[in-house]
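Inside the fold
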Amino acid sequence: MNRQRIFEILSIVALVAFIAIMSFEPTYSTKTTDEVAEAVAESFDITSLKKMDKNKIIDEFSISLDEADSFLYYADDAVMNVSELLIIKLKQGASSEDIVSKIESRVSEKQVLFDGYAPEQSALLKDYVLYEGYGFIFYAVGDNAAGALSAFKSSVR
Amino acid sequence: MVFSSAVFLFVFFPIVLILYFLPVIGDTQKDLRKKNIVLFLSSLVFYAWGEPVYIVLMLISIFFNYNLGIDIENNSSKPKKAKALMLFGVVFNLFMLGFFKYSGFVTENLASVLGKEINYNPLPLPVGISFYTFQILSYVIDVYKGEVKAQHSFVAFGAYISMFPQLIAGPIVQYKDIDRQLYDRTVTVEKFYDGIIYFIKGLGKKVLFANTIGALYTEIAAGDLSSLSVVSSWLAVIAYTLQIYFDFSGYSDMAVGLGKMMGFEFVQNFNFPYKATSIKDFWSRWHISLSTWFRDYVYIPLGGNRKGTARTIINTLIVWSLTGLWHGAAWNFIAWGAFYGVLLILEKFVLKDVLKKIPKALRYVGTIIVVMVGWVLFSAESLSDAITLVGSMIGLGGSFIDAEGKYLLSQNAFLIVVMSLSAVGVFQKLSESVKSTKWKRTIKSVAYLGIFALCIAYLISESYNPFLYFRF
């Protein structure tokens, strides 16, 4: 067998190994929303926000929580404070598509609302983070939202 | 990393240029080997910036195809063996693309057909995989056909596949078009200047035009599509039509510009597609490198139009369904591709004589309307969303014009007119009509500097805004 053929086979072995590692990484986290929120709170200030109930989530995002296993929502009643943190843990195998798209629609609507007259709020809304993975949906708006996402990703693994 | 980001403009690219033109690297043809090393390594850094884990996948692909190319060449005197190796390479590369891009789509559709839940781990799409896989396929097939020699330098081959200017969103550079340039290219002051102009033109298209008009589309599309007025729905479609052109052609211009600054000449990917007077004409002007790739590596090998009408129709439908699928793993992309396949067949076999009799202006209007309907299919989240939006465009949604429509029209009419004129090349024609003098060059340089400054001002205030074609 020539050298090229050996390298081709090695490449295939490497590809199979890579796919296996990527595919077998856990898809559903065993962490609870409280555990995750605790980790996120270290890089995202929720002290100025209020913990909201299920009805508030449904009102604000027009989403159904039937597919949710647990959830946490921090926000402020003051209209000009756009900071918020929403963490939803889905039931195993549940689809996140509808919730993610509703969150995207809502953030677009809010961006339109603040664009042009509230630059600070507008900038925060533009830098929103929305992530879906490990059975969670994570959405944050506020100072260091990107940092909150990193903390979230580290905590769910 | 995107070209229109501060980190690329002020950190990454200046460092690459400094390294590329370091006196110690030299400027002779022999020194191009060193320049290729700089290009290869910087391209890997560029790619790893966003999704470091997929650099492994790209390196596996480069290593496999580098060895395969030499293997095919070594067996060129044994046609059956060479063909088997080529087919093996095609299967390997298509498997890689299929697994990372389409496995989720296939699994979801299978689950839906079987009526059962299938658990799988959805993987993020490796950025640029559709582009670099097609480049690799062109290499493997051309080496087999004897049209190019296999590349024996791993660095040069790696630089070709991973070349950061066109890695993420094309143009799809076929190996035969760049083979010679890997060891024979020069950077002159004139070429470097041209490169800067191209780059700034692309940056302006993306930052000043595409992002601005994209906000209008996002604003309208975020609402309820079924109750949009006729004016609002048309505004949304016009906005997306302009956004995707300026976004994608802007990226291609930047890629061509960056290539020029490093001595390369890439193929042009756009030629004022919205000036087209037929669908065939449109596709000879839009994403030219992709259409050329499908023509050379799928349509012609399938027999093209040489095997009778029935086979031509089948080949056209295959090519265009694959073109749609290449853009994304979703039914609306397949429908979009098939839509163009059917239109091209109609144009070729049914409407050919009728179209000849129609005045050019009407053919132009007809083509642009069809293209806009195509973009509805392309941009929609789902087929039902696309049908809803088309319904609103013909008045099935709400009124003809509502308060929102009036407001958005008054706010964006000027921008739409300017962008439309630019998209059909009016400004370029005006500029070309001015006689070339020293003054013209100075004014042009100052104007482009102004555009660059404006882009930077926008970039500072805007948030991250990736190119639309990144997701393909």
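The structure contained in this document is the topic of the report that follows. None of these values were measured; they are calculated from a predicted model.

Another point: the overall build of chain B. Each helix and strand in chain B was counted, giving 20 helices and zero strands. The C-alpha radius of gyration computed for chain B amounts to 23 Å, which stays within 12% of the reference 23 Å derived for 472 residues, consistent with globular compactness. Taking the principal axes of the C-alpha coordinates as reference, chain B spans close to 65 × 60 × 50 Å. Taking all 472 residues of chain B together, 51% fall into the buried category. For chain B, restricting intrachain contacts to residue pairs at least 6 apart in sequence, the fraction spanning at least 24 positions comes to 78%. If you sum the accessible surface of chain B, you get close to 21,100 Å²; carbon and sulfur atoms cover 67% of it. The averaged location of the 29 negative side-chain charges in chain B is 10 Å from the averaged location of its 41 positive side-chain charges.

Before going further, it helps to spend a moment on the side chain of N93(B). Looking at the secondary structure, you find N93(B) in helix α4 (residues 79-114). Within polar-contact distance, the side chain of N93(B) engages the backbone oxygen of G89(B) at 2.8 Å.

Right, let's get into the pattern of salt bridges. Residue and element names in this part refer to chain B. Scanning all chains against the criterion turns up 18 salt bridges over all chains. As a salt-bridge pair, R285 and D281 come within 3.0 Å of each other at their nearest N and O atoms. Classification of R285 as buried rests on a relative accessible area of 16%. When its relative accessible area of 19% is taken as the criterion, D281 is described as buried.

This part takes up the sheet that holds strand β3 (residues 84-90) of chain A. Within a sheet, neighbouring strands are paired by backbone hydrogen bonds and run either parallel or antiparallel to one another. Residues and elements named next belong to chain A. If you trace the five strands from one edge of the open sheet to the other, you get β1-β2-β3-β5-β4, paired in antiparallel fashion. Both edges of this open sheet fall to β1 (50-51) and β4 (129-133), since each of them pairs with a single strand only. Here β1 runs beside strand β2 (residues 68-75); their pairing, made up of two bridges, is antiparallel. Bridged to K50 within β2 is A75. Along the sheet, helix α3 (residues 54-61) makes contact with β2, β3 and β5 (136-141), crossing β2 at roughly 80°. Lying on the sheet, helix α4 (residues 97-114) is in contact with β2, β3, β4 and β5; it crosses β5 at an angle near 10°.

Moving on: a positive patch on the surface. On the surface, a cluster of positive charge is made up of K280(B), K348(B), K352(B) and K356(B). For K356(B), a relative accessible area of 62% corresponds to the exposed category.

Basis of the calculations
- Residues numbered from 1 in each chain as written.
- Chains lettered and ligands numbered in written order.
- Predicted model: local features only at pLDDT ≥ 70, side-chain atom pairs only at ≥ 80, totals over all residues.
- Heavy atoms only, no water.
- Helix = DSSP H or I, 4+ residues; strand = E, 2+ residues; numbered from the N terminus.
- Rg over C-alpha atoms; globule rule 2.2 N^0.38 Å.
- Buried < 20%, exposed > 50% of the residue type's maximum accessible area, 1.4 Å probe, protein only.
- Contact = heavy atoms within 4.5 Å.
- Areas by Shrake-Rupley, 256 points an atom, 1.4 Å probe, with all protein chains shown as cover.
- Lys, Arg positive; Asp, Glu negative; His and termini not counted.
- Charge placed at Lys NZ, Arg CZ, Asp CG, Glu CD.
- Polar contact = N/O pair within 3.5 Å; in protein donor to acceptor, adjacent residues only side chain to side chain.
- Salt bridge = Lys/Arg side-chain N within 4 Å of Asp/Glu carboxyl O.
- Pairing = 2+ DSSP bridges.
- Axes fitted to C-alpha atoms, helices over the stretch in contact; angles between N-to-C directions.
- Patch = residues over 30% accessible without salt bridge, like charges linked within 9 Å, V, L, I, M, F, W, Y side chains within 5 Å.

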